[in-house]
Amino acid sequence: MKTFIKELSNSIPRVDALDKITGKTKYLNDIDFGKDILYAKIVYSTKARAKILKINIPELPDGYFTVDYRDVPGKNMTTMVVSDWPPFAENTVRYIGETILLVVGPDKNIVYDIAEKIVIEYEDLEASLTIDDSKKLLGGAIVGDDNIFVSFKAGYGDVDNAFKKAKTIIEETYYTPYQEHLYMEVNGAVGIWENGKVSIYSSTQCPYYVRKAAAPVLGVEEDKLRIIATPIGGGFGGKEHYPDILAAAVAVATYKAKKTVKLILDRQFDMAYSVKRQPAQITTKVALDENNNIIALDVVSDMDAGAYEASSRVIMQRCTYTAANVYNFPNVRVLGRLYATNNVPSCAFRGFGGPQAIFAIERTMDNIAKKIGVDPIELKRKYFIKKNDPTITGGIFHDNIILPQMLEWALKESDYERKYKEYKNTMYKGIGISCFLHGCAFTGSGERDIIKAKLKLRKKGNKVTILTSNTEIGQGLHTTFKKIAAYNLSIPLEDIEIAEYDTEIVPNTGPTVASRSVMIVGYLIQEASKKLKQRWNEAEEIEIIEDYKHPTHLIDWDTSTLRGDAYPSYGLGINVVEVEVDKVTLEVKIVGVWAVFDCGYPIDERIVEGQIKGGVAQALGWGALEKIVNKNGRFLQVKMSDYMIPTSLDLPEIKTCIMGEPYEYGPLGAKGVGEITFDGAASAYASAMENALNYHFTSIPILPENIAEVL
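What counts, and where the lines are drawn
- Residues numbered from 1 in each chain as written.
- Predicted model: local features only at pLDDT ≥ 70, side-chain atom pairs only at ≥ 80, totals over all residues.
- Heavy atoms only, no water.
- Helix = DSSP H or I, 4+ residues; strand = E, 2+ residues; numbered from the N terminus.
- Buried < 20%, exposed > 50% of the residue type's maximum accessible area, 1.4 Å probe, protein only.
- Contact = heavy atoms within 4.5 Å.
- Areas by Shrake-Rupley, 256 points an atom, 1.4 Å probe, with all protein chains shown as cover.
- Lys, Arg positive; Asp, Glu negative; His and termini not counted.
- Charge placed at Lys NZ, Arg CZ, Asp CG, Glu CD.
- Expected span 1.5 Å × (residues − 1).
- Axes fitted to C-alpha atoms, helices over the stretch in contact; angles between N-to-C directions.
- Parallel < 35°, antiparallel > 145°, perpendicular 65-115°, else oblique.
- Left-handed = near helix turned anticlockwise from the far one by under 90°.
- Nonpolar A, V, L, I, M, F, W, Y, C, P; charged D, E, K, R; others polar.
- Pairing = 2+ DSSP bridges.
- Phe/Tyr/Trp six-rings, centres within 6.5 Å; stacked < 30°, edge-to-face > 60°.
- Lys NZ or Arg CZ within 6 Å of the ring centre and 35° of its normal.

Colleague: Give a detailed account of the overall build of the protein, specifying residues and quantitative values.
Modeller: Looking only at helices and strands, one finds 19 helices and 28 strands in the protein. Projected onto the principal axes, the alpha-carbon positions of the protein cover approximately 80 × 70 × 50 Å. Residue burial in the protein is summarised as follows: out of 711 residues, 63% are buried. Across the protein, every contact between residues at least 6 apart in sequence was considered, and the portion connecting residues at least 24 apart equals 81%. Carbon and sulfur atoms make up 48% of the accessible area of the protein, which totals about 27,000 Å². With 83 positive and 93 negative side-chain charges, the protein shows a spacing of 1 Å between the two charge centroids.

If you want it as structure tokens, here you go:
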């Protein structure tokens, strides 16, 4: 029976579900690459910062060899957002876990045994392991002369004058921690030697990112390096740029061996040395007048990027531009600074910069409310943005802002107002609320100037193939893309196929990041499908190419001043969290969660609901459970047995509501939803804990030991 899509929002079974739940889907480590295969093991730095004096390698059996920077045929540097992360360390190391060399050979056990026997002699250098260390230039600058990779500014008005006139000034510093992606499938790459050149199979969200990063390492033009993205067992941003560094090293080994080389990380290595969410310390300073009106906001956001920049520039940018959140204040100034340290490099993670900024401003609003004696939601509601209000980058909010309607649902469903007043006068029970936004797609003119997305639709007979480089990482993209095409072509869903993610086959439609896949690429599918439908009977085979066009109504982004519309549209969210604290054990039970989101038109309501529940749960883990201790540059929680994440037993049913203010340039009005679902739950949790314990928490996660200190 054929499936016709009559209403896009109606849910259908996920097109990839059966293969995944029955084990039919083959992930990278499941693929049979033949018998003539070599295995690789990383020999990594055990020092956070040091000079390499000598590498002692035991006598190697026949067929076994090592690969290091001297084997690189091109340049020993990967290109991510910038070129600063070498696939192989040369004379120095910047973090524990940095790749020094690979051991390669036909027997995996022997390869691992050799790697264990390699001894590296170092000259220790003083390491910078915190943002404060980095500011002090401990051990000397890592980058530049100030250890700052990049800084951003935003704002409007006269902040200094407002503070001169202020009756009250409230200042506080907030701290957000690392977070482990903990995707189901670990990172890995396989290099194939075919037709005299290297091809790479990678578990990556972004096949064209891998190509861009690895091609210069091989010394070839990008179109001479083939990347195949295999089915991906989760990413959350952890497979945005880290696969680049692995693929580049494997590419060099493949080039040297002229054989297939396979590198699959074990879970402990992946958790210990792969990228994490950036820790941040954000200082907010607020000026109030004699009537307790907020007249100015001054924010300094500092982030720990780790040893190399990776994509942290983009995260810092978003953190800076999200600093005022959903509020319109008369005067705003924001400074964002990205610091280099000798820690494992940080990279993208769901929300990427938004959650850090939102935690700080939501905690700030709660703190102000407490000091002036009002309900936090009354204070927040007073400053809600409206359509045509200014953004802190010199743009405006073009869409209708439906925060009041969303708030009405959240307050009613959670019974927030009654509970807040009741719990304020008791102990151990609390309820908290957060309001937030997330700019959809790439910042500024990034989609137009950097991504330049190009989509293809190919018709052959009655079958249509979508050719896109946007990958399915568990978010339901195959289902969504097929629904959009089938709906606009008026053909059965079963007649839509999605091409393999092979850079020799699919065009570059950009990375699977930034809540852009449905809004940007889904719109290209919609428009291409309309054109194909008009030409359906023209020929047996037809190819439609659809290029991204930047909306003309936006205030043009000036890349030199970083002013204009930072984002074409915004998703909105409100989260309410209710908690109970056990008086004896001090364990926290989350007894209620309510989440309402404006994501434009929901292409599939069940998929959107799944994104909401998954993102909120992941954010509550960040706020309540997930502790990573970094001791001397080494993470102590590197096993699933000692890194706590929430399970179904730790959370109540998350009650959801999908509201939609359509975006003109999204398919049927859809906006991004994947990132924003993470943005607000941690701050709502901290707000609930403040209500329960009458204590202003300034950092997360809030654990029983933190509660004990408070009590």
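Alright, that's what it looks like, and here's the rest.
Colleague: Outline helix α14 (residues 477-489), supporting the account with residue identities and numerical values.
Modeller: What sets the pattern is the α-helix's 3.6 residues per turn: residues three or four places apart point alike. End to end, α14 covers 18 Å across 13 residues, agreeing with the expected 18 Å (1.5 Å per residue, within 8%). Of all 13 residues that make up α14, 11 are buried, and the element is covered over most of its length. Within the sequence span of α14, burial applies to Leu477, Thr479, Thr480, Phe481, Lys482, Lys483, Ile484, Ala485, Ala486, Asn488 and Leu489. Considering only its buried residues, α14 is in contact with β20 (463-467), β21 (496-498), α15 (517-534) and α16 (605-624). Taken from the residues just after α14, Ser490 is the one with a positive phi, measuring 55°.

Colleague: Would you mind going over the side chain of Ser346 in detail, with residue names and values included?
Modeller: Considering the arrangement of structural elements, one finds Ser346 in the loop between β17 (332-340) and α9 (354-372). Not counting residues within four places of it along the chain, the set of residues in contact with Ser346 comprises Tyr178, Val275, Lys276, Arg277, Gln278, Pro279, Asp304, Ala305, Glu309, Ala310 and Ser312.

Colleague: Can you lay out the packing of α14 against α15 for me, pointing to particular residues and giving the numbers?
Modeller: Orientation of α14 relative to α15, taken along the N-to-C sense of each, is 30°, at an axis distance of 8 Å. Between α14 and α15, the angle is such that the two are roughly parallel. As α14 runs across α15, the sense of the crossing is right-handed. Contacts between α14 and α15 pair Leu477, Thr480, Phe481, Ile484, Ala485, Asn488 and Leu489 from the former with Ser517, Val518, Val521, Gly522, Ile525, Gln526, Ser529, Lys530, Leu532 and Lys533 from the latter. Its residues placed into classes, the contact of α14 with α15 shows nine nonpolar, six polar and two charged.

Colleague: Outline the sheet that holds strand β12 (residues 197-202), supporting the account with residue identities and numerical values.
Modeller: An order of β3-β7-β1-β14-β11-β12-β13-β22 is seen for the eight strands of this open sheet, with the pairing classed as mixed. Only two strands of the sheet have a single neighbouring strand rather than two, namely β3 (65-67) and β22 (501-502). Judged from the three bridges that link them, strand β1 (residues 37-44) and strand β14 (residues 260-264) form a sheet pairing that is parallel. If you follow Leu38 over to β14, its bridge partner there is Val261. Sitting on the sheet, helix α2 (residues 108-117) is in contact with β1, β7 (99-105) and β14, with an inclination near 20° to β1. Here helix α5 (residues 207-218) sits on the sheet in contact with β12 and β13 (226-229), set at roughly 145° to β13.

Colleague: Which residues make up the packing of aromatic side chains, and what values do they have?
Modeller: Counted under the stated rule, the structure contains 25 aromatic pairs. Ring geometry for Phe349 versus Phe678: centroids 6.1 Å apart, planes at 50°, classification tilted. Within this pair, whereas Phe349 is found in the loop between β17 and α9, its partner Phe678 is found in helix α17 (residues 676-679), the two being separated by 329 residues in sequence. The pair Phe349 / Phe678 is uniform in exposure class, with both members buried. With centroids separated by 5.8 Å and ring planes inclined at 85°, the aromatic side chains of Tyr567 and Tyr570 adopt a geometry described as edge-to-face. By relative accessible area, Tyr567 is classed as buried at 2%. Taken together, the ring pairs connect Trp85, Tyr95, Tyr242 and Tyr308 into an aromatic cluster. Lying across the ring of Trp622, Arg277 places its NZ or CZ 5.0 Å from the centre.

Colleague: Tell me about the sheet that holds strand β16 (residues 294-306), residues and numbers included.
Modeller: Taken in spatial order, the five strands make up an open sheet running β9-β17-β16-β15-β10, and their pairing is mixed. Looking at strand neighbours, the two that pair on one side only are β9 (148-156) and β10 (168-176), the edges of this open sheet. Adjacent strand axes in the sheet meet at a mean angle of 10° when their direction is disregarded. Pairing of strand β15 (residues 280-288) with β16, which is carried by nine bridges, proceeds in the antiparallel orientation. Looking at the pairing, Ala287 lines up with Ala296 of β16. Each of β10, β15 and β16 is contacted by α9, which is oriented at about 140° to β10, the strand it contacts most.

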